[in-house]
Structures are given as structure tokens and as C-alpha cells.
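# Reading the structure
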Number of protein chains: 2
Amino acid sequence: MAVRLKDIARDLGVSVVTVSKVLRGNADIGEETRKRVLKRMKELNYQPNMMARGLASGRTFTVGLIVPDLVHPFFAEFAKSLGGVLRTRQNALLLASSEEDPEVELQEIRTLLSRGVDVLIIASCQANLRNFYELGDKRTPYLLFDRNFPHLAAHFVGSDDVQVGEIATQHLIDLGRKRIAHIGGKGTSPAFDRLRGYRNALHANNLPSPTNYAVAYEKTEESGDTIGFQAMQQLLRLSPPPDAVFCYNDLTAIGAIDATLQAGLRVPEDIAFIGCGNLRYANYLRVPLSSVDHNTTELGRLAGEFALELSTDPEQSPRSILTPSHVVARASSIGTTPEKPTR
Amino acid sequence: MAVRLKDIARDLGVSVVTVSKVLRGNADIGEETRKRVLKRMKELNYQPNMMARGLASGRTFTVGLIVPDLVHPFFAEFAKSLGGVLRTRQNALLLASSEEDPEVELQEIRTLLSRGVDVLIIASCQANLRNFYELGDKRTPYLLFDRNFPHLAAHFVGSDDVQVGEIATQHLIDLGRKRIAHIGGKGTSPAFDRLRGYRNALHANNLPSPTNYAVAYEKTEESGDTIGFQAMQQLLRLSPPPDAVFCYNDLTAIGAIDATLQAGLRVPEDIAFIGCGNLRYANYLRVPLSSVDHNTTELGRLAGEFALELSTDPEQSPRSILTPSHVVARASSIGTTPEKPTR
DNA sequence: ACAATCGGCGTTCGCGCTAAAGTAGAATAA
DNA sequence: TTATTCTACTTTAGCGCGAACGCCGATTGT
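Residues numbered from 1 in each chain as written. Chains lettered and ligands numbered in written order. Predicted model: local features only at pLDDT ≥ 70, side-chain atom pairs only at ≥ 80, totals over all residues. Heavy atoms only, no water.

## Some details on the overall build of chain A
Broken down by element type, chain A carries 13 helices and 12 strands. Taken over the C-alpha atoms alone, chain A extends approximately 85 × 45 × 35 Å along its principal axes. Within chain A, buried positions represent 56% of all 343 residues. Once local pairs closer than 6 in sequence are excluded, the contacts in chain A between residues at least 24 apart make up 70%. Averaging the positions of the 39 positive and the 39 negative side-chain charges in chain A gives two centres separated by 6 Å. (Helix = DSSP H or I, 4+ residues; strand = E, 2+ residues; numbered from the N terminus. Buried < 20%, exposed > 50% of the residue type's maximum accessible area, 1.4 Å probe, protein only. Contact = heavy atoms within 4.5 Å. Lys, Arg positive; Asp, Glu negative; His and termini not counted. Charge placed at Lys NZ, Arg CZ, Asp CG, Glu CD.)

Take a look at the structure:
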């Protein structure tokens with residue numbers, strides 16, 4: 001087995017607790033003893049057994065994260081950034097994916113709780129709040145991200161999605177577009193809020209917002225390209241068709257642009273597009289894609305700080321952190337590719 | 001606190017061990033008692049405390065995974081697939097990212113071991129084998145993936161990268177190309193093996209393989225586009241320049257194609273390209289990109305099965321599982337985009 | 001009839017660690 | 001002096017579980 005406190009204590013002729021105290025930086029140990037213990041720990045390459053520590057102390061220095069889809073660049077980047085913050089503070093990340101399935105999500109919540117995570121960060125794929133009631137009677141604090149439940153008093157970290165909808169739409173308006181459509185998502189707070197932002201912007205500029213210009217689909221995250229393609233075909237049949245489209249995400253935009261080009265129209269001359277997410281490859285697409293960047297790395301960092309705070313002090317009143325997003329303009333809206341690739 | 005075995009035992013007037021035995025499906029419990037216990041477990045929504053179980057039994061039903069980069073689609077997809085397999089078998093996934101930094105990797109190995117993972121799966125970013133010596137004296141079995149150390153007798157799961165190099169190069173040869181270059185990676189086994197496959201294919205077809213046609217760079221994973229761009233500019237200065245290029249990955253290919261187009265050449269008429277990884281967006285790029293698909297989901301599944309096997313039976317002699325890859329041809333090599341998007 | 005067996009359950013112990021409560025001796029205070 | 005307070009430790013008592021073993025009454029075999 002690995003080295004235990006007991007081994008170090010035996011070697012040095014002190015008690016296990018003394019060694020444990022040195023490990024945790026407890027004040028009431030003499031300088032002499034502390035040095036001897038630390039020296040021996042290094043020599044033996046001691047690593048504390050977190051299970052034992054967790055059992056005894058109730059803290060595991062582990063944060064749980066549940067995302068709907070690991071492959072999605074947004075969640076992957078968030079997880080990466082979060083993991084970086086946790087690592088510098090000696091915490092581990094226990095990561096699970098719910099595959100956009102509420103049943104799986106529930107199971108993963110159980111799994112993580114049974115592993116004793118100190119905090120649970122979750123982008124829930126649920127419509128209702130069932131799973132969180134179950135969380136309620138536990139001691140583990142949780143932190144929602146990306147997807148919020150307005151009626152649940154919970155900690156939250158995410159983009160300001162109303163603002164996302166506003167700046168994306170405003171960008172199209174600023175380019176002189178008048179008939180702006182929206183291909184949106186369904187059933188999640190970002191989808192809802194971006195739609196609201198879209199409407200806000202149209203209203204603020206006295207532009208019409210015909211109801212058939214705003215369409216909403218499910219599964220925009222997994223198969224956005226197909227959905228964008230179909231949705232755009234639908235929008236193209238309207239008369240007049242839109243001259244600009246704000247898409248829920250980049251994949252949707254890619255599909256929508258595809259449909260537009262196949263219909264013999266030009267992008268952005270006939271129809272301009274903007275997506276969300278600022279995909280890594282946005283600049284290398286057939287039509288380089290304008291997009292709203294969510295500053296995901298910063299989001300992950302903030303979530304990490306917040307989570308660590310919650311793990312030392314779980315009893316805080318609910319707090320929301322919203323980060324601002326910004327538009328990255330490329331050919332799909334402004335028509336000329338910038339000299340330098342923009343990220 | 002959460003429900004414990006003790007609570008159930010008290011409620012039913014039996015001993016804790018009896019309840020524990022029911023939980024684990026131990027044979028020597030009467031049908032009557034078993035039913036009562038299971039019923040009460042459901043009522044109280046009992047979840048075993050994995051830390052306690054881990055301490056007492058030495059098994060945690062947790063698999064650790066360390067990848068160099070979570071955001072990389074290959075690793076993300078692998079992790080997703082692996083996590084799926086583990087979930088169906090009641091195992092959890094403890095995920096860490098080494099950020100391509102051997103120091104971080106070492107720290108993450110320690111972290112995961114101190115959490116008592118039953119198996120450690122790792123795509124190491126190390127050149128030497130230092131970290132694994134440390135692993136050696138522990139009891140935890142480990143499973144390398146993607147990146148192998150030929151001189152280390154270890155379990156391995158990954159693509160057959162020699163074959164990857166061969167089929168990619170053969171694809172270009174089959175299209176009639178004669179001057180085939182390779183923009184490769186550096187310092188990892190896939191980079192080395194793909195280069196070997198490339199050479200094999202050229203040799204088997206009696207084609208020349210000038211040494212300055214095979215270039216190798218580091219950091220191809222993180223900033224492949226930039227590297228591909230620069231590498232291609234270099235290759236274009238040769239005389240004669242190549243008429244086809246096999247790129248280490250898709251991002252490199254994207255950069256290389258960019259350089260080619262900027263030089264006023266046509267893809268694939270003047271130069272054909274093939275990458276590796278079969279990026280989700282490969283079909284939507286300026287030039288839809290031909291690529292080698294690694295069947296990552298299957299790879300993750302196999303790794304999951306292997307890991308579970310190792311966790312129940314750690315003392316196996318080293319075994320390697322290599323999965324075959326296949327070419328997905330798109331415009332960057334064959335010149336015409338297929339009707340249906342191919343994935 | 002009596003040992004041998006077996007199904008069904010309980011007891012004991014300890015995994016590696018920490019929180020809390022000692023304790024012995026030295027220093028300080030009244 | 002004698003009580004008080006520190007300092008630097010040690011002892012005790014679990015955290016929630018599982019492995020190993022123990023035990024008791026009922027059945028079986030001869």
C-alpha cells in the first residue's frame with residue numbers, strides 16, 4: 001500500500017495526530033518536529049488518502065461538475081478552465097456528463113454526492129426542478145451554470161443571455177438590416193433569454209418582429225447544423241424572407257448558411273448571419289462566421305472561485321454572477337474577411 | 001447527513017452487516033429479510049458512501065482519466081464515450097487535464113491516486129517515463145491510451161497509427177499524386193507512427209520520399225492551424241513543391257490549406273490535402289476536408305471495458321488494443337463535395 | 001440418537017484519517 | 001508559593017463501511 005501517516009509517525013517516534021497536524025498546518029506543533037515530519041514526508045513521497053480524510057472530516061477537496069455534453073466546445077472549455085482553477089487550489093474535479101437526459105442527470109447527481117463532493121456545479125438539462133428537491137435535503141451546496149431556473153433560489157454563474165441576444169441583434173441592425181429573424185433553442189434559459197434579447201433589440205430600434213420570424217427548435221446543441229438547415233428553408237419560404245438571421249449557436253448558423261447558399265442566395269449580401277459561441281473554426285468555414293463570444297474561460301474561472309468559496313462556506317444566500325459577451329464580426333455579417341484570423 | 005446503513009438496520013431491527021450484505025447481493029440472506037431491506041432502502045433513497053466503502057474494501061468503483069487537453073475533440077469524445085460505458089456499470093469517471101505539461105500531469109496522477117481510483121487511464125504528455133516509475137510501486141493498474149511508450153510494458157488502447165499514416169497516404173496515391181509531403185507532429189507515438197505509415201506507403205508504391213518533404217513540429221495539437229500555415233509556406237518554397245500533403249491533424253490541414261489558397265494555388269487541383277481526426281466541422285470548411293476518422297467512440301468504449309476488467313482483475317499481463325481507422329474523402333482531396341454531409 | 005452440515009444472521013475489527021479532549025512540563029502571574 | 005496559562009504534544013473516539021469469522025437453530029445422514 002501507499003505510505004500512511006502511521007508510517008511516518010512510527011519512523012519519527014511521534015503520534016499519528018502530530019503528523020496529521022503538520023500536514024494540515026496546525027499551529028500547535030514545534031518548529032523542530034514540524035521540520036522532521038515534513039522532511040520524512042518528502043522522503044517517502046507521502047500522499048494523503050482523500051477517502052479517509054473525507055470520511056473523518058467531511059471534506060474531500062473535490063468539486064463535482066455535471067454538463068449536458070462533454071464534446072460541446074462551450075462545456076469542454078468551461079470544464080478545462082474550471083479544472084485549472086481547482087488544480088491550483090489542490091482541489092480535484094469530478095466530471096460527469098448527463099447526455100442531455102434528465103434520468104442520467106439524476107443518476108450522476110447521486111453518483112457525485114455519494115463520492116462526497118464538496119460542491120456540485122451543474123448545467124441542468126431538466127425542464128422542471130425535480131432533481132434539485134432531492135439535493136435539498138443534503139448538505140452539499142450547489143452552483144448552477146449556463147442554465148438557470150428563475151424560480152429556484154440558487155447560486156448561478158453564466159452569460160448574460162439577454163444581453164447576448166441584444167448585442168447580436170443590434171450588430172445586424174447596425175449593418176442596416178431591417179428584417180431580422182431568429183432561429184432559437186427551446187426549453188433552456190439561454191434559449192429563452194436570447195429570444196428576449198432579440199425582441200428587446202428589435203423593439204428598441206422600432207423594427208418589426210413578426211412572430212413567424214422567430215422559430216424555436218429542440219436539440220439545437222447536438223444537431224444544430226441539421227436544425228439550422230431545416231429552419232432556414234422554412235424562413236426562406238416566407239415573403240418577404242429575412243435579410244439577416246441571429247442563430248442560437250454556431251452550428252445552427254452553419255446549417256442555416258448552408259441552406260441559404262444552396263438556395264442560390266449570397267451571404268451576407270442577401271442574408272447576413274450571426275451565431276453564438278465563437279467556435280474555434282469559425283474563421284475557416286466556407287463563410288467565416290460572425291459570432292457572440294461568451295468568454296468561456298473567464299466563466300470557468302469565476303465558477304471555480306465561487307465553488308471554492310462555497311466549499312469552505314456553504315451557507316451563503318443565493319448569488320448570481322453574469323458575465324458579459326461580445327460580438328466577433330466576420331464575413332457572414334460584414335462581408336469582408338479580416339486580414340488576421342480573429343478569435 | 002445522508003442515510004446510512006445504520007439507519008436502515010435500526011429501522012428494521014437487523015444488524016448493519018445484514019443490510020450491507022443485501023446491498024452487495026451477498027447470497028446468505030433470507031428472501032424475506034432481503035425484501036424488507038430493499039424496500040426500506042428505496043423509501044429512504046439510500047446511497048452508499050463511496051468513501052467509506054473505498055476505505056473498507058479498497059475499491060471505489062471510480063476510474064481516473066488524464067488527458068492532455070479536454071477541449072480537443074478527440075479527447076472530449078473519448079471521455080464522453082468512456083464515461084457512458086462506466087456509467088452503465090455503476091462506475092464514476094474522475095477526469096483531469098494535464099494541459100500538455102508533464103509537471104501538471106504528475107500532480108494529477110497523484111491527485112487521482114490519492115482519491116483511490118481503481119484504474120488510471122492516461123494519454124501521457126511525457127517524453128520519458130518518469131511519472132510511471134512512481135506509479136510502479138502502487139497497486140493501481142494503469143492503461144495508456146493514444147500515446148504509447150514502446151519500451152514500457154503497459155496496457156494500451158489506441159488507434160493503429162501506422163495504419164493511419166498508410167491509409168491516408170495511400171488515399172493520396174490512389175488519386176494519382178506523386179509528390180506527397182507530410183506535416184507531422186513531434187515527440188508522441190502517434191506522430192512517430194503516422195510518419196512511419198506515410199513512409200511505408202510511399203515505399204510500397206515505389207514513390208520517392210525526399211527528407212525535406214516530411215516536416216515535424218511541436219504543439220500541433222494546440223495551435224495546429226498556425227503551424228500548418230507556416231509549415232505549408234515552407235513546403236511551397238521547395239522545387240518542385242508537393243502535389244499532396246498528409247497532415248498530422250485537421251487543424252494543421254486547415255492552416256496548410258489556408259497557406260495554399262493564399263499563395264494563389266487551387267485545392268485539390270494543384271495540391272490535395274488530408275488530415276486526421278475527422279473534425280465535426282470538416283464538411284463545412286472553406287474546402288471540405290478529407291480526413292482519417294479514428295472511430296473515437298469505439299475507442300472509448302473499448303477502453304472502458306478494458307478498464308473495468310482491470311479494476312476487477314488488476315494482475316494481467318500487458319495487452320494492446322489497436323483499433324482500425326478509415327478515410328473519409330471530401331473536396332480537399334477528391335475535389336467534389338459529396339451530396340450528403342459525411343461524418 | 002448424535003455428529004455433521006448449512007442457511008441465516010450477528011460480532012469484531014480495522015481501513016486512514018481527523019476532531020475533540022486530554023496531559024505533562026515549562027513559563028508566567030498573583 | 002500556588003494557581004494559571006501556554007506549548008507541544010498524546011489519547012480517545014469515531015466517520016461508514018466491508019472482510020473474516022462466529023454462532024445458533026434446523027435439517028440431513030447413518
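## A closer look at the domain arrangement of chain A
Here chain A is partitioned into domain 1 (5–48), domain 2 (61–159 + 296–323) and domain 3 (161–294 + 327–334). Of note, the centres of domain 1 of chain A and domain 3 of chain A, computed from C-alpha atoms alone, are 61 Å apart. (Domains from an automatic or database assignment.)

## A closer look at the sheet that holds strand β8 (residues 244–247) of chain B
Adjacent strands of a sheet form backbone hydrogen bonds with each other and so pair up, either parallel or antiparallel. Residues and elements named next belong to chain B. Across the sheet, six strands lie side by side as β7-β6-β8-β9-β10-β12; this open sheet has mixed pairing. The open sheet is flanked by β7 (214–216) and β12 (326–328), the only strands paired with a single partner. When the angles between neighbouring strand axes are averaged without regard to direction, this sheet yields 20°. Of the pairings in the sheet, the one linking strand β6 (residues 180–184) to β7 comprises three bridges and is parallel in character. Opposite His-182, over in β7, you have Ala-214 as the bridge partner. Lying on the sheet, helix α10 (residues 224–236) is in contact with β6, β7, β8 and β9 (272–276); it crosses β6 at an angle near 150°. (Pairing = 2+ DSSP bridges. Axes fitted to C-alpha atoms, helices over the stretch in contact; angles between N-to-C directions.)

## A few points about the protein's contact with DNA strand C
In the vicinity of DNA strand C lie 28 residues, with Ser20(A), Arg24(A), Tyr46(A), Thr18(B) and Gly30(B) positioned nearest. Each atom of DNA strand C within 4 Å of the protein was classed as base or backbone; sugar and phosphate made up 65%. Taking Ser20(A), its side chain carries an N or O atom lying 2.4 Å from a phosphate oxygen of DNA strand C. Asp28(B) places a side-chain nitrogen or oxygen 2.6 Å from a base nitrogen of DNA strand C. Breaking the surface near DNA strand C down by element, the ones donating at least two residues are α1 (5–12), α2 (16–23) and α4 (50–57) of chain A together with α2 (16–23) and α4 (50–57) of chain B. A per-element tally of the surface near DNA strand C places α4(A) first, with five residues. Here the residues of the surface near DNA strand C sort into 14 nonpolar, seven polar and seven charged. (Near = heavy atom within 4 Å. Polar contact = N/O pair within 3.5 Å; in protein donor to acceptor, adjacent residues only side chain to side chain. Nonpolar A, V, L, I, M, F, W, Y, C, P; charged D, E, K, R; others polar.)

## Brief notes about the relation of the copies chain A and chain B
Superposition of chain A onto chain B requires a rotation of 180° combined with a translation of 0.0 Å along the rotation axis, giving an RMSD of 0.1 Å. Classification of the inter-copy transformation places it as that of a two-fold axis. Interface overlap between copies: 100% of the residues of chain A at the interface are likewise at the interface in chain B, consistent with a symmetric, same-surface contact. (Least-squares fit on C-alpha atoms with pLDDT ≥ 70 in both.)

## Quick notes on unusual backbone geometry
Residues and elements named next belong to chain B. Backbone torsion omega between Ser-239 and Pro-240 reads 0°, so that peptide bond is classified as cis. Secondary-structure assignment places Pro-240 in the loop between α10 and β8. In this model, Asn-206 sits at a positive phi of 55°, which is unusual for a non-glycine residue. You can see Asn-206 is positioned in the loop between α9 (189–204) and β7. Within the chain, Asn-278 stands out as a residue other than glycine whose phi angle is a positive 50°. By secondary structure assignment, the location of Asn-278 is in the loop between β9 and β10 (290–293).

## Notes on the packing of aromatic side chains
Counted by the stated rule, this structure contains nine aromatic pairs over all chains. Judged by centre distance (6.0 Å) and plane angle (85°), the rings of Phe75(B) and Phe145(B) are edge-to-face. Placement of Phe75(B) in helix α5 (residues 73–88) and of Phe145(B) in strand β4 (residues 142–145) is noted, with a sequence separation of 70 residues between them. Its relative accessible area of 2% is what places Phe75(B) among the buried residues. Summarising the aromatic geometry, the rings of Phe78(B) and Phe145(B) are spaced 3.8 Å apart at their centres and angled 5° between planes, so their arrangement reads as stacked. One end of the pair, Phe78(B), is in helix α5; the other, Phe145(B), is in strand β4, with 67 residues separating them in the sequence. Here the two residues Phe78(B) and Phe145(B) agree in accessibility, since each one is buried. The ring of Phe306(A) has Arg319(A) sitting right over it, with the charged end atom 4.4 Å from the ring centre. (Phe/Tyr/Trp six-rings, centres within 6.5 Å; stacked < 30°, edge-to-face > 60°. Lys NZ or Arg CZ within 6 Å of the ring centre and 35° of its normal.)

## Remarks on the environment of Leu238(B)
Residue and element names in this part refer to chain B. Position of Leu-238 relative to the elements: it lies in the loop between α10 and β8. Assessed through its relative accessible area of 21%, Leu-238 is described here as partly exposed. For Leu-238, the residues in contact, after removing those within four places along its chain, are Asn-212 and Tyr-213.

## With respect to the protein's contact with DNA strand D
Around DNA strand D, a shell composed of 23 residues is seen, among which Thr18(A), Thr33(A), Ser20(B), Arg24(B) and Tyr46(B) lie nearest. At the protein interface, 69% of the atoms of DNA strand D within 4 Å belong to sugar or phosphate. Measuring from a base nitrogen of DNA strand D, one finds a side-chain N or O atom of Asp28(A) at 2.8 Å. Here Arg53(B) contributes a side-chain N or O atom positioned 2.7 Å from a phosphate oxygen of DNA strand D. Contributions of two or more residues to the surface near DNA strand D are made by α2 and α4 of chain A together with α2 and α4 of chain B. Tallying contributions element by element places α4(B) first for the surface near DNA strand D, with five residues. Looking at the surface near DNA strand D, its residues break down into 11 nonpolar, seven polar and five charged.

## What about the nonpolar core?
Counting residues in each nonpolar core, the largest one holds 85 residues, and the members touching the most others are Ile183(A), Met232(A), Phe273(A), Ile183(B), Met232(B), Val245(B) and Phe273(B). Beyond its immediate sequence surroundings of up to four residues, Met232(B) is in contact with Ile183(B), Val245(B), Ala256(B), Ala259(B), Thr260(B), Ile271(B) and Phe273(B). Counting 50 residues, the second largest nonpolar core, distinct from the first, contains Ala307(A), Val85(B), Leu86(B) and Leu95(B). (Core = buried A, V, L, I, M, F, W, Y, C linked by side-chain atoms within 4.5 Å.)

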